[in-house]
Amino acid sequence: YREDGKVEEQTDAIAQGYSVGRSRLILQAKAHFEEMSRGRMRIVVTEGSVRLEAQPPRDGSPVPSALLTAGSIATAHGSSVLVRAGSVADAERILSWRSGYLTFHDTSLETAVAEFNRYGSQRLVIGDTATGLLRIGGNFRWSNSEAFVRLLESGFNIRVERLPDRIVLHSR
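Residues numbered from 1 in each chain as written. Predicted model: local features only at pLDDT ≥ 70, side-chain atom pairs only at ≥ 80, totals over all residues. Heavy atoms only, no water.

Caption draft 1: Local environment of the nonpolar core. By size, the foremost hydrophobic cluster in this structure holds 23 residues, and its most contacted members are L109, F148 and L169. Those elements that place two or more of their residues in this core are α2 (88–94), β6 (101–108), α3 (109–119), β8 (135–141), α5 (145–155), β9 (158–163) and β10 (166–171). The greatest single-element share of this core, amounting to five residues, is contributed by α3. If near-sequence neighbours (up to four positions away) are discounted, L169 is found in contact with L109, V113, V125, I126, G127, D128, T131, V149, L152, I158, R159 and V160. Core analysis: the next-biggest nonpolar cluster, separate from the first, contains nine residues, I43, V50, L68 and A74 among them. (Core = buried A, V, L, I, M, F, W, Y, C linked by side-chain atoms within 4.5 Å. Buried < 20%, exposed > 50% of the residue type's maximum accessible area, 1.4 Å probe, protein only. Helix = DSSP H or I, 4+ residues; strand = E, 2+ residues; numbered from the N terminus. Contact = heavy atoms within 4.5 Å.)

Caption draft 2: Examining the pattern of salt bridges more closely. For the structure shown, the criterion picks out nine salt bridges. Ionic pairing is found between E115 and R42, a salt bridge with its closest N-O pair at 4.0 Å. Taken together, the residues E115 in helix α3 and R42 in strand β2 (residues 41–54) connect sequence positions 73 residues apart. Pair check on accessibility: E115 and R42 agree, each one buried. Between R162 and E153 there is a salt bridge, with the nearest N and O atoms lying 3.7 Å from each other. Overall, the relative accessible area of 41% leaves R162 in the partly exposed class. Its relative accessible area of 28% is what places E153 among the partly exposed residues. (Salt bridge = Lys/Arg side-chain N within 4 Å of Asp/Glu carboxyl O.)

Caption draft 3: Inspection of α3 at higher detail. For α3, the complete set of buried residues consists of L109, A112, V113, E115, F116 and Y119. Along α3, the residues classed as buried sweep out an arc of 160 degrees about the axis, all on the same side. (Arc of directions from axis to C-beta.)

Caption draft 4: Summary view of the sheet that holds β10. Ordered in space as β7-β10-β9, the three strands form an open sheet in which the pairing is mixed. The open sheet has two edge strands, β7 (124–126) and β9, and neither has a second partner. Ignoring which end each strand starts from, the neighbouring axes of this sheet average 25 degrees apart. Inspection of the sheet shows β7 paired to β10 by three bridges, in the parallel sense. From the neighbouring strand, V125 faces β10, where its bridge partner is V168. (Pairing = 2+ DSSP bridges. Axes fitted to C-alpha atoms, helices over the stretch in contact; angles between N-to-C directions.)

Caption draft 5: Region of the structure containing the packing of aromatic side chains. Evaluated as defined, the whole model comprises seven aromatic pairs. Taken together, a centroid distance of 6.0 Å and an interplanar angle of 35 degrees make the contact between F104 and F140 tilted. Of this pair, F104 sits in strand β6 while F140 sits in strand β8; the two residues are 36 residues apart in sequence, bridging distant segments of the chain. With respect to class, F104 is no different from F140; both count as buried. Members of the aromatic cluster, connected to one another through ring pairs, are F104, F116, F140 and F148. Sitting above the plane of the Y101 ring, R141 keeps its charged end 4.8 Å from the centroid. (Phe/Tyr/Trp six-rings, centres within 6.5 Å; stacked < 30°, edge-to-face > 60°. Lys NZ or Arg CZ within 6 Å of the ring centre and 35° of its normal.)

In short, geometric facts, not functional conclusions.
Here it is as structure tokens:
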């Protein structure tokens, strides 16, 4: 499916799958494929199932496969795939950026900052380990990282260092 809800031709989705470690995708689902940093791809399944199979070797020997059911979130890089089973609500929360929001539930600040950096224009940086380990939750507009930073500054024990090219978050 495309973001506008229209069905993509299956060959387009399979072509996307081939860009991830020469794998094959068999789709019977509503799934979102997203290119991430460092050559990784994230596959988020919200309905049905997706079978991800490695490309068979020339000798025809068996290959491993992964079945991604609704709620599954897979991260693929090269020939490696990490699958995390979850609820459909978890999968939809990960896709909330499409409606302009980032939704976090007991998420490390390090992970939240990485999501803001993926979609926003103002770069956020974790200044120390303790800050990155802080757990947060809530819905935030991905286009308004400044409001997110103000909330961290006023509601948490976070010191903010505003630099011309980034905002650094530190423990107090």
